[in-house]
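# Coordinate inspection notes
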Amino acid sequence: MALTSTDADVQKPAPTPTPSAPDRLVIVPVRHPWRWAAVAATAVLLVQFGHGLVTNPGWERDVFAAFFTTETILQAVWVTLQLTFYGTALGFAIGIVLAFMRLSASPFLRSVAFGYIWAFRSIPLIVQLLFWFNLAYLYKELSIGIPFGPSFLSFDTMGLVGEMGAAVLGLALHQAAYAAEIVRGGVLAVDEGQSEAAASLGIPRLRQVRRIVLPQAMRSILPNAANEIISLFKGTSIVSVMAIGELFYQVQVVYGRNGRVVPLLMVATAWYVLLTTALSVVQHYVERHYAKGSVR
């Protein structure tokens, strides 16, 4: 059957509408002139610093290279690592106990832990170190026995706490106050329902903490704990007031003899940077281990 003109007109496609003015607008990305200016200024400063580091004879790179791996410096680095390790291990061991004392239902334990944390965060570290170093001035001897009664064993404090022992004791007790708050914050970050579910299954309290609470709390604890360890590593330089042969003290001794202050300070700086970088790498892998199964 032939189509009439009226039917043909009905079946014609509708004409495409002419785009309005807003539809013809071109999208232009936002420009950031000040951002590029900041990038250029920062790049210029970095290039200038690098140029000065290479061309300035005051850095005395030959002296730096000569002392960087000497036996004296390497022994000092070893002492610094020992102070960091013992201070961290003892500090976090005491800090974990203090953290759970603060989380305890006992008002007495909470008060004791709070008092410890308040005291050791308030007293400067150098004062604590000098106090432990001069312990024999206050207590001639320490004894083990019945409280306020006869003693069975006594120790002469003059030989009991030496320079290294006083340094480790001061660093550990100081670190424990900060570690306690880090651990407590990590435990509080774990949902209380986790402990309630474990208790409903009959899991003992100690096992709940060890296998359920702490592994989840580690994700919150690790970044702050790593910062504290790195701060302690650099903070070991304060024990130079006790004439302990750690890195900064030995550098001071060497440049006190030869007068090469800047290159010897750069030796200490380079070792601090290298070891801090190594600690940061270890932190990365430990965090990745405890982040398994988490959504980021």
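No experiment lies behind these values; they were computed from the predicted model shown. (Residues numbered from 1 in each chain as written. Predicted model: local features only at pLDDT ≥ 70, side-chain atom pairs only at ≥ 80, totals over all residues. Heavy atoms only, no water.)

### Quick word on the packing of aromatic side chains
The tally for this structure, following the rule as stated, stands at 6 aromatic pairs. Look at Phe68 and Trp271: their rings are 4.8 Å apart centre to centre, the planes differ by 10°, and that puts the pair in the stacked class. Separated by 203 residues along the polypeptide, Phe68 in the loop between helix 3 (61-67) and helix 4 (71-102) and Trp271 in helix 13 (residues 261-290) bring together distant segments of the chain. Under the relative-accessibility criterion, Trp271 is labelled buried at 14%. Through a chain of ring-to-ring contacts, the aromatic side chains of Phe64, Phe68 and Trp271 assemble into a single cluster. (Phe/Tyr/Trp six-rings, centres within 6.5 Å; stacked < 30°, edge-to-face > 60°. Helix = DSSP H or I, 4+ residues; strand = E, 2+ residues; numbered from the N terminus. Buried < 20%, exposed > 50% of the residue type's maximum accessible area, 1.4 Å probe, protein only.)

### Digging into the nonpolar core
Residues Leu83, Leu98, Tyr116, Leu171 and Val239 are the most contacted members of the largest nonpolar core, which totals 25 residues. For this core, the secondary-structure elements that each account for two or more residues are helix 4, helix 5 (107-122), helix 6 (125-133) and helix 9 (163-188). For this core, the element with the highest residue contribution is helix 9, accounting for 8 residues. Leu83 has contacts with Met164, Ala167, Val168, Leu171, Thr236, Val239 and Glu246, leaving out every residue within four places of it along the chain. Counting residues in each nonpolar core, the second largest holds 17 residues, with Val77, Val254, Tyr255 and Tyr272 among its members. (Core = buried A, V, L, I, M, F, W, Y, C linked by side-chain atoms within 4.5 Å. Contact = heavy atoms within 4.5 Å.)

Everything listed here is a matter of coordinates, which is why it stays silent on function.
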